Amino acid sequence: MEKLADVVLGAGVRPFDAFARAGGLPRDMAPFSSYYSYFANDHADLARVLVEHAGRDSYVVELGSFVGKSAIAWAQASKALGYNTALLAIDTWLGDLGMLQTKGIMLGPRSRRGDPRLYEQFLHNVASAGASTSVVPLRATAIIGLKYLLSLIDKGALERPMVIFLDAAHEYPETELEARLAWEVLAPGGILIGDDFDQWWPGVQQSVIELVAAKNASAFQPPTLFAATWPFAHQCMRVKLVGDRPNVSARSLPLLLKYSVPALLYCIYNNLVYVNL
């Protein structure tokens, strides 16, 4: 984590340390416990499998971290495996379109300037869970963060990540642009995973379908090849396959995809959606 923080944030820059020195969470902000994270609560097994895929001394990229519950899940998965896998959490912590439209509890209390204090909430939640030594927060949009990460990789300052979790804009064409950039950043054999591929997020569906349609079919390994070996098939409530194999949609498909080319896997809540042409 130390090397990742030095390279991404600058030598010695540690947001969690600065937050603690400033007194931590302001008194007018209560611990944010009402938000239910499906990834953190229902897919702890997914986090462990993906951290294992990422590697012992590597890092995972999370695009869209909100108040930190999924970040905590990544850190706990790494600890459970005995790994030193760090999480690079990229977010503006200013809210997405839906949060700005609805305001209220999703944006939380505002500062005197009127801006959301989701970043302070994130730092507090992660630190309170004892996960701050595994998490590096980078305040940027997903697109700027990915371009910055790619520039560091091109300079040889960082290795390409094996796992990228996309949970950012949820809009079209923003999600497609994020996914395309994430695909460029991803290491060969890596996994691009995201959530909310459902009727409530048509922008995510449109973005994923267009991304996959623009790729050569050889870029995606048929997930049915791994169905027999996936250890958590009993948790799969519904599986959909986007592409030319609709007859496969009723079968339980694997969660872990390992092979020599990147895979695109979308996990939504308790429903798993695999995208393949």
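Our structure's up above, just so we're on the same page.
Residues numbered from 1 in each chain as written. Predicted model: local features only at pLDDT ≥ 70, side-chain atom pairs only at ≥ 80, totals over all residues. Heavy atoms only, no water.

1. Looking at the overall build of the protein
A count of helices and strands for the protein gives ten helices and eight strands. Expressed as a percentage of the 277 residues in the protein, the buried residues total 52%. Counted over contacts in the protein with a minimum sequence separation of 6, partners at least 24 positions apart contribute 79%. (Helix = DSSP H or I, 4+ residues; strand = E, 2+ residues; numbered from the N terminus. Buried < 20%, exposed > 50% of the residue type's maximum accessible area, 1.4 Å probe, protein only. Contact = heavy atoms within 4.5 Å.)

2. Details of the layout of surface pockets
What the largest pocket holds in volume is close to 830 Å³. In terms of lining, the largest pocket is formed by 41 residues, of which the most central are D96, M99, D167, A168 and H170. Every element with two or more residues in the lining of the largest pocket is listed here: α3 (38–42), α5 (69–81), β2 (86–91), α6 (97–102), α8 (142–154) and α9 (174–185). The residue inventory of the lining of the largest pocket, partitioned by class, reads 21 nonpolar, eleven polar and nine charged. In this structure, the second largest pocket encloses a volume near 280 Å³. Forming the walls of the second largest pocket are 16 residues, and the residues nearest its centre are K3, D57, S58, Y59 and L158. (1 Å grid on protein atoms, 1.4 Å probe; cavity = no way out; pocket = protein on both sides within 12 Å on 5 of 7 lines; lining within 4 Å. Points joined across faces, edges and corners; volume = space filled by probe spheres on them. Nonpolar A, V, L, I, M, F, W, Y, C, P; charged D, E, K, R; others polar.)

3. Describing unusual backbone geometry
The omega torsion across Y172 and P173 is 10°, close enough to zero to call that bond cis. Looking at the secondary structure, you find P173 in the loop between β4 (163–166) and α9. Not every positive phi belongs to a glycine, and W93 is a case in point at roughly 55°. If you trace the backbone, W93 turns up in the loop between β2 and α6. Phi is positive for H170, which is not a glycine, with a value near 65°. You can see H170 is positioned in the loop between β4 and α9.

4. Here we look at the pairing of strand β1 (residues 59–63)
Among the five residues in β1, five count as buried, and that is most of the element. Of the two faces of β1, both are covered, the one formed by Y59, V61 and L63 as well as the one formed by V60 and E62. Following the backbone out of β1, through α5 and into the adjacent parallel β2, one traces a crossover that is right-handed. Pairing of β1 with β4, which is carried by three bridges, proceeds in the parallel orientation. Residue pairing across strands places V61 opposite I164, the latter belonging to β4. (Right-handed = clockwise from strand over helix to strand, strands pointing away. Pairing = 2+ DSSP bridges.)

5. Examining the packing of helix α4 (residues 44–54) against α5
In helix packing, the relevant descriptors are the interaxial angle and the interaxial distance, both defined with respect to the helix axes. Relative orientation of the contacting elements α4 and α5 amounts to 65°, with a least axis distance of 8 Å. By the angle between their directions, the pair α4 and α5 is classed as roughly perpendicular. As for the relative orientation of α4 and α5, their crossing is right-handed in sense. Mapping the contact onto sequence places A47, R48, L50, V51 and E52 in α4 and A73, W74, A77, S78, A80 and L81 in α5. Its residues placed into classes, the contact of α4 with α5 shows eight nonpolar, one polar and two charged. (Axes fitted to C-alpha atoms, helices over the stretch in contact; angles between N-to-C directions. Parallel < 35°, antiparallel > 145°, perpendicular 65-115°, else oblique. Left-handed = near helix turned anticlockwise from the far one by under 90°.)

6. Some words on the pattern of salt bridges
If you walk through the whole model with that rule in mind, you get five salt bridges. A salt bridge links D6 to R14; the nearest nitrogen and oxygen atoms lie 2.9 Å apart. What makes D6 partly exposed here is its relative accessible area of 32%. The exposure class assigned to R14 is buried, which follows from its relative accessible area of 17%. (Salt bridge = Lys/Arg side-chain N within 4 Å of Asp/Glu carboxyl O.)

7. Describing the packing of aromatic side chains
Within this structure, the stated rule accounts for four aromatic pairs. Look at W74 and F165: their rings are 6.0 Å apart centre to centre, the planes differ by 65°, and that puts the pair in the edge-to-face class. Residue W74 is found in helix α5, and its partner F165 is found in strand β4; the two are separated by 91 residues along the sequence. For W74, a relative accessible area of 3% translates into the label buried. On the basis of relative accessible area, F165 is assigned to the buried category, the value being 2%. Geometrically, the ring pair formed by W93 and Y119 is tilted, given 5.0 Å between the ring centres and 50° between the ring planes. One end of the pair, W93, is in the loop between β2 and α6; the other, Y119, is in helix α7 (residues 118–128), and 26 residues separate them in sequence. (Phe/Tyr/Trp six-rings, centres within 6.5 Å; stacked < 30°, edge-to-face > 60°.)

8. Digging into the environment of I153
Summarising the element assignment, I153 is placed in helix α8. Judged by its relative accessible area of 10%, I153 falls in the buried class. Those residues within four positions of I153 in sequence are excluded, and the remaining contacts are Y59, L158, E159, R160, P161 and V185.

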